[in-house]
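The lines below spell out each chain.
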Amino acid sequence: MTLLALPSARDEAWRWSDLSGLPVIADSTPTGQPRAIDDLWIDAEGPRLLFVDGVYDASRSNPGPVRVGPANAHAGAHAIGKLAGSTGWALTLGEDAATTGPVQIVHVSTGGANHLAAEIILDEDAQASIVESFVGEGWVNRAASIRLARSARLMVARRFLHDAGFQSHADTAEIGQGASLAITTLVAGAADSRLDGHLALTGIEGFAEAGGALLGRAQQRHDAAFVVRHAAAHGQSRQLWRAVADEQAISSVAARVEVARDAQKTDGEQSLRGLLMARTAAVNLKPELEIFADDVKCGHGATVGELDRNSLFYLASRGITPAEARAILTHAFVADALARIGEDAVRGAFTATADAWLGA
Amino acid sequence: MLKIENLHAEIDGKAILKGITLAINPGEIHAIMGPNGAGKSTLAYTLGGRPGYEVTNGTATFEGADLFELEPHERAAAGLFLGFQYPVEIPGVSNLQFLRTALNAQRKARGEAELSGAEFIKLARKEANELGLDPEMLKRPVNVGFSGGEKKRNEMVQMGIISPKLAILDETDSGLDIDALKAVGHGINTIMRRPDRAVLLITHYQRLLDYVKPDFVHVLAAGRIVRTGGPELAHELEREGYGQITDEIAA
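Rules used throughout
Residues numbered from 1 in each chain as written. Chains lettered and ligands numbered in written order. Predicted model: local features only at pLDDT ≥ 70, side-chain atom pairs only at ≥ 80, totals over all residues. Axes fitted to C-alpha atoms, helices over the stretch in contact; angles between N-to-C directions. Helix = DSSP H or I, 4+ residues; strand = E, 2+ residues; numbered from the N terminus. Parallel < 35°, antiparallel > 145°, perpendicular 65-115°, else oblique. Left-handed = near helix turned anticlockwise from the far one by under 90°. Contact = placed C-beta atoms within 7 Å. Buried ≥ 20, exposed ≤ 12 C-beta atoms within 10 Å, placed from the backbone. Pairing = 2+ DSSP bridges.

Draft legend 1. Spatial organisation of the packing of helix α4 (residues 117–130) of chain B against helix α5 (residues 148–162) of chain B. Residues and elements named next belong to chain B. It is the contact of α4 with α5, at a shortest axis distance of 9 Å, that shows an interaxial angle of 135°. The angle between the axes of α4 and α5 places the two elements in the oblique class. In this structure, α4 crosses over α5, and the sense of that crossing is right-handed. Touching Leu123, Ala124, Glu127, Ala128 and Glu130 of α4 are Val157, Gly160 and Ile161, all from α5.

As structure tokens, this is what we get:
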């Protein structure tokens, strides 16, 4: 029996997550029979890494500059992230270095629990793009540490597509002067998820973007909790989340912007929107602003609603069936969040994944 | 083509239409005029099947079928087109995608072959050019950022592509400048003025009827058709206003 000390719904930061099933999942045994993953590789040049139940499969990988081995995810303070341990993968790029195409990492699980840490360090003006896809069953737990030096740029896109089990991910980022980090997440599987992020803008004129789409149906629970901390002046941040809930699902987003006393001229923006596909579903949105500087611009919006009835009738009046009309409007609702992904091939693949979920 | 008999309809339990009888034959253009609050838009929405518009009595037969037995999208596939007074903006969905989905859904419902992307784009460009809508606007999200005139031209482009048997146009002329009004009039004439098609034109003012000559003009007041005549009736209303008619009802 694994001894797991997990946060409960009594903790404010975990009130919308249900972790009660994790000990049982963690005690189950992986089947070791991974599903086919060929469809997950996006047609783009670049390094590819495959992890099966958290174990690196060198025979089916081409890691490029990524090293598999020790990694410090700096997640010791995070209730689940700390379980990720100190091995996994690391990407370190020197000054002006760049990856050729996106680094694609596929994590396939066959049951039980697997934990991995990741560490990404980009030196001045370095550039990288990382695309991760999580599939299979069981509990997949990841923690990542990201450190960006002056003017470094990192784009991260993640798809959580588990058929069963649980998916958790925790990011910790330090964004240096003029550096830019954009993390886009798509949750479109059949398993519950919990996503955490703590992104700190430590240099002036930094840029942070965190957002994505949580798609839930059946009894799924999806919960994203991201904090952007402006510790230096002239920073910009964007948080754009779209939460969809159908049947008895609960999709929740807590997004916080913290502006320290010295972080003048901060420009922070939050757009949280929820879409209820059924009266039995629930969406929780919690936008938070904590501002100690006096010369900042922080905008936030949070709305939850059903599909617009006028739009549905307009589509119907042109001959579009109710099911197709709902799919079109839901797709449009989600597309906003995925539009932030820079590379066409990656955005196309994520959009197709979302469409498949919506059409299912 | 469309036969309405003794139609009563209500919204939120409030009776709006109180016994409308009207027959529209192929090749005819009917105009319905009337003061604000007479029930003109309610008639259009009730025929289109908008949720919330409750038919409490009467019948409507469209091409031999009971219109009220059909869902809104089935009415469209059967050949009914509803032109909106306020076309809805749909962010995130391009005009082209919207129209192709609509046309192919209708073709599929009628057992016809769906159009390929290339065939469709050719058709859409032709209709846009015909109606003076910049074909680039077809790539933009449906009606988002369109001016009032552009939205109405877009409705006409949709009508041209969908090519319905009967068009019910709800105050298509409202909020249009004279150029857009001419373009919309031209659109109605070229697309719908044919022996096998018909139009029910709902309007508050006589202006559009300078460009689209109606065969019949009906005056709707307080949920009933109170007068029917030829094109001259529209001019009479323009000269004398609706006051006299509403007075007659009150008397």
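So that's the structure; there's more coming.
Draft legend 2. Local environment of the environment of Glu247(A). All names here are of chain A. As for its placement among the helices and strands, glutamate 247 is situated in the loop between β13 (236–245) and β14 (250–259). On the basis of neighbour count, glutamate 247 is assigned to the partly exposed category, with 13 C-beta atoms found within 10 Å. Not counting the four nearest positions on each side in its chain, glutamate 247 is found in contact with Arg217, Ala218, Ala278, Thr280 and Ala281.

Draft legend 3. The arrangement of unusual backbone geometry in detail. Residue and element names in this part refer to chain A. Even without glycine at this site, aspartate 96 takes up a positive phi of about 65°. Mapped onto the secondary structure, aspartate 96 falls in the loop between β4 (87–93) and β5 (103–122). Phi angles above zero are rare outside glycine, and lysine 265 is one such case at about 60°. Here lysine 265 is to be found in the loop between β14 and β15 (267–276).

Draft legend 4. Molecular detail of the environment of Pro195(B). Residue and element names in this part refer to chain B. With respect to the helices and strands, proline 195 occurs in the loop between α6 (178–192) and β10 (198–203). Proline 195 gets classed as exposed once you count the C-beta atoms within 10 Å, which come to 8. In this structure, the C-alpha to C-alpha distance between proline 195 and proline 26, residues 169 residues apart in sequence, is 5.9 Å. Among all residues touching proline 195, those that are not within four sequence positions of it are Pro26 and Gly27.

Draft legend 5. Spotlight on the sheet that holds strand β5 (residues 65–66) of chain B. Residue and element names in this part refer to chain B. Ordered by their spatial adjacency, four strands build an open sheet running β2-β1-β4-β5, and the pairing between neighbours is antiparallel. Whereas interior strands pair on both sides, the edge strands pair on one side only; in this sheet they are β2 (14–24) and β5. With eight bridges joining them, strand β1 (residues 2–11) and β2 adopt antiparallel strand pairing. Bridge assignment links isoleucine 11 to a residue of β2, and that residue is lysine 14.

Limitation: the analysis is restricted to geometry and does not speak to function.
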